[in-house]
Amino acid sequence: METLKAQKKDSKDQKTIRITGAEAIIHCLLAEGVDLIYGYPGGAIMPVYDELYKFQDRLTHILTRHEQGATHAAQGYARVTGRVGVAMATSGPGATNLVTGLADAQIDSTPMVCITGQVTRSLLGSDAFQETDIVGISTPVTKWNYQITRVEEIPEILAKAFYIARSGRPGPVLVDITKNAQFDELDFVYEKCTKVRSYKPVPKPEAGSLEKAAELINSAKKPFIVFGQGVILGEAEAELKAFVEKTGIPAAWTILGLSAMDTDHPLNVGMVGMHGNYGPNLLTNECDVLIAIGMRFDDRVTGNLDTYAKQAKIIHFEIDPAEVNKNVKVDVAVLGNSKETLSDILPLVKENDHKDWKAEFDKMYQIEFDTLIKNDIHPTKEGLTMGEVIEQINIASEQKAVIVSDVGQHQMIACRYAKFKQSKSNITSGGLGTMGFGLPAAIGAKMGAMDREVVAIIGDGGYQMTIQELGVIFQHNVPVKIVVLNNDHLGMVRQWQELFFDRRYASTVMTNPDFVKIAEGYHIKSRRVTERGDLQDAVEEMMASKDPYFLEVKVEKEDNVFPMIPSGASVSDIRLK
């Protein structure tokens, strides 16, 4: 088989090969640097799988146990590597099972390309076996999608798919390919896509916006930075650090921004949002200039918009113009990639030291520590807490692990207490809040970062939504560490029922199986901890293991997550208990 030559500027000079559409798909993936695919075969995508069989030495396919697991694994891989994750499925139910992962990737800006098979072109619209309109279904939850019905379209469309997925504000793309296009032949040549007409992935800052922003920053007495995942996606960690240190401005993270800046940095003051830290939330409504960097003012961050930072001038560093003034009216918008815009504004801002203002955050932290934190991570009560488990993982991993969390109380505790020294270390489902995300995403993250320890933090509810992906760990010996914090409840819903529904625990009590026996059934080393005296040894044993490891920790049933901003309340209404 001929090897594709390096691409030249003039496509007429490139060497072509006569191949089927199915083989062309494989060549497109290889040309884009793809080396790992997650998926599940079926009739409408079988020609591609047949070609995959021939390219096993160059392209690894991981058979997940459910198509949703394939998307979450691709997300985990993308989030830890910064590369495009790839998932593949057949038509009908195979394709529709990708939708949750697509929606999750769309709202969390994760670059992903999903390829689905489709019935042959002549059967489209006939309600053929396993035919669904996946393009119509997925339109609201993808950055772009397209149905290929002719073999000649394959190279151009897949090149465009990868370009759109990774450029600007990243996101998921779905390409649906009819079976006839997979079987037919074409004269194949591949050119990477570098632009799309009318699509401007990185907008230029408006004239004077940097100067206006710098003027506000330089004159501020109580400035406050909130940074999000845009810093990580833009690879602007160094620029953020330089900006924070030069200006002396306290900085807080959103849950997807966590790890963009060392959690132990003296100007890193914690997390904003519903279960964020006391000081950053309360002082949002006392700052005079709020600088938002790569975040989208999600409702879980802002609380009641009518009372959010009304006293402050607001500066928004953002790559997606659609996010500017969408939820919060801003005074200055600085459009563009945060790596470039932070670099450009750095010479314009003055060196400063907001010691008195930073002391306000320190005072609030001490209140929170005395009221909550010390009891979360160093409890005196009998039952085990989620916080002390995270603290033991911090110690055993030396703050170097990738933490992948599912959704619920454990997620908020992990985001509050996990500590990081390296970016791309916190992987969780943010905007969609997808239970079941954690286990497959941890598999993808580990495969993308085999040199790093990857620890999945999961609740007993979310764990059972994708528990079948233990089969992937067993089959491929993926050395991921799984920690299930088991309180025999759907903990976050139960907490709301306790606080706001007079303890009417409707459908939140879980009668769980023996998780250790299930893991052992997949030949994964396992251990259960019910006593505090066993926790440190169990965590150390897990972290020292070179193989997959499952650890179940039985935690208190009513171990609530505080602080908490009640839904619809102001950030100033944050509750410590």
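Residues numbered from 1 in each chain as written. Predicted model: local features only at pLDDT ≥ 70, side-chain atom pairs only at ≥ 80, totals over all residues. Heavy atoms only, no water.

A.B. asks: What should I look at first to understand the sheet that holds strand β3 (residues 60–63) in this one?
C.D. replies: In any sheet, the strands associate via hydrogen bonds between backbone groups, in a parallel or an antiparallel arrangement. One open sheet holds the six strands; their spatial order is β3-β2-β4-β5-β7-β6, and the pairing between them is parallel. The sheet is open, and its two edges are formed by β3 and β6 (144–148), each paired on a single side. The average undirected angle you get between the axes of adjacent strands in this sheet is 20 degrees. As defined by bridge partners, strand β4 (residues 85–89) adjoins strand β5 (residues 112–118) across five bridges and the pair is classed as parallel. Bridge pairing in β5 links V86 to V113. (Pairing = 2+ DSSP bridges. Helix = DSSP H or I, 4+ residues; strand = E, 2+ residues; numbered from the N terminus. Axes fitted to C-alpha atoms, helices over the stretch in contact; angles between N-to-C directions.)

A.B. asks: Could you clarify how one ought to interpret the nonpolar core in this entry?
C.D. replies: Generally speaking, soluble globular proteins have nonpolar side chains that are buried together. The biggest cluster of nonpolar side chains holds 66 residues, and the ones touching the most others in it are F227, I293, I315 and V483. Both domains that furnish three or more residues to this core are identified here as domain 2 (209–361) and domain 3 (382–554). Apart from residues no more than four positions distant in its own chain, I293 is found in contact with I225, V226, F227, G228, V231, L240, F243, F317, S338 and L342. (Core = buried A, V, L, I, M, F, W, Y, C linked by side-chain atoms within 4.5 Å. Buried < 20%, exposed > 50% of the residue type's maximum accessible area, 1.4 Å probe, protein only. Domains from an automatic or database assignment. Contact = heavy atoms within 4.5 Å.)

A.B. asks: Whenever I open this one, the UniProt feature "domain: Thiamine pyrophosphate enzyme N-terminal TPP-binding" (unreviewed entry) in the protein chain confuses me. Can you help?
C.D. replies: Per the UniProt record, the feature "domain: Thiamine pyrophosphate enzyme N-terminal TPP-binding" (unreviewed entry) sits at residues 20–135. In residues 20–135, the share of helix is 43% and the share of strand is 18%. The end C-alpha atoms are 23 Å apart. (UniProt positions renumbered as here; feature names shortened; annotations may be inferred.)

A.B. asks: How should the UniProt feature "domain: Thiamine pyrophosphate enzyme central" (unreviewed entry) in the protein chain be read in this particular structure?
C.D. replies: UniProt's entry tags residues 210–344 with the feature "domain: Thiamine pyrophosphate enzyme central" (unreviewed entry), counted in the numbering of this structure. The straight-line gap between the two end C-alpha atoms of residues 210–344 is 8 Å; of that span, 33% is helix and 20% is strand.

A.B. asks: What should I look at first to understand the domain arrangement of the protein chain in this one?
C.D. replies: Interface size is often expressed as the accessible area that is lost when the parts come together. For the protein chain, the assigned domains are domain 1 (2–188), domain 2 (209–361) and domain 3 (382–554). Centre-to-centre, using C-alpha coordinates, domain 1 lies 31 Å away from domain 3. The interface of domain 1 with domain 3 comprises 24 residues on the first partner and 27 residues on the second. Carbon and sulfur atoms make up 64% of the surface buried where domain 1 meets domain 3, a total of about 1900 Å² over both sides. For domain 1, the biggest contributors to the area lost against domain 3 are R65, R79 and V80; these three give 33% of the whole. At the boundary of domain 1 with domain 3, the tally comes to zero salt bridges. Linking domain 1 with domain 3 are nine residue pairs in polar contact (both at pLDDT 80 or more). Where the side of domain 1 that touches domain 3 is concerned, the elements lending two or more residues are β2 (36–39), β3, α3 (67–81) and α5 (99–107). At ten residues, the largest contribution of residues to the side of domain 1 that touches domain 3 is made by α3. Taken together, the residues of the side of domain 1 that touches domain 3 break down into nine nonpolar, eleven polar and four charged. (Buried area = accessible area lost by both parts, 1.4 Å probe. Salt bridge = Lys/Arg side-chain N within 4 Å of Asp/Glu carboxyl O. Polar contact = N/O pair within 3.5 Å; in protein donor to acceptor, adjacent residues only side chain to side chain. Nonpolar A, V, L, I, M, F, W, Y, C, P; charged D, E, K, R; others polar.)

A.B. asks: Help me understand the pairing of strand β17 (residues 454–459) in this model?
C.D. replies: A regular strand places its side chains on the two faces of the sheet in alternate fashion. Counting buried positions over the six residues of β17 gives six, a clear majority of the element. Burial along β17 is two-sided: V454, A456 and I458 and V455, I457 and G459, pointing in opposite directions, are all buried. Where strand β15 (residues 402–405) and β17 come together, four bridges link them in parallel fashion. The residue bridging V404 from the neighbouring strand is A456, located in β17. Bridge analysis of β17 against strand β18 (residues 481–486) gives five bridges, and the strand direction is parallel. Residue pairing across strands places G459 opposite L485, the latter belonging to β18.

A.B. asks: Help me out: how do you make sense of the pattern of salt bridges in this one?
C.D. replies: A side chain of one charge can pair with a side chain of the opposite charge when the charged atoms of the two come close. Scanning the model with the defined rule gives 30 salt bridges in all. The salt bridge partner of R528 is D514, with a shortest N-O separation of 2.7 Å. Of this pair, R528 sits in strand β19 (residues 525–529) while D514 sits in the loop between α21 (491–500) and α22 (515–521); the two residues are 14 residues apart in sequence, bridging distant segments of the chain. Where E541 meets R527, a salt bridge forms, and the shortest distance between an N and an O atom there is 3.4 Å. Taken together, the residues span a long stretch of sequence, with E541 in helix α23 (residues 532–544) and R527 in strand β19 at a distance of 14 residues. For E541, a relative accessible area of 29% translates into the label partly exposed.

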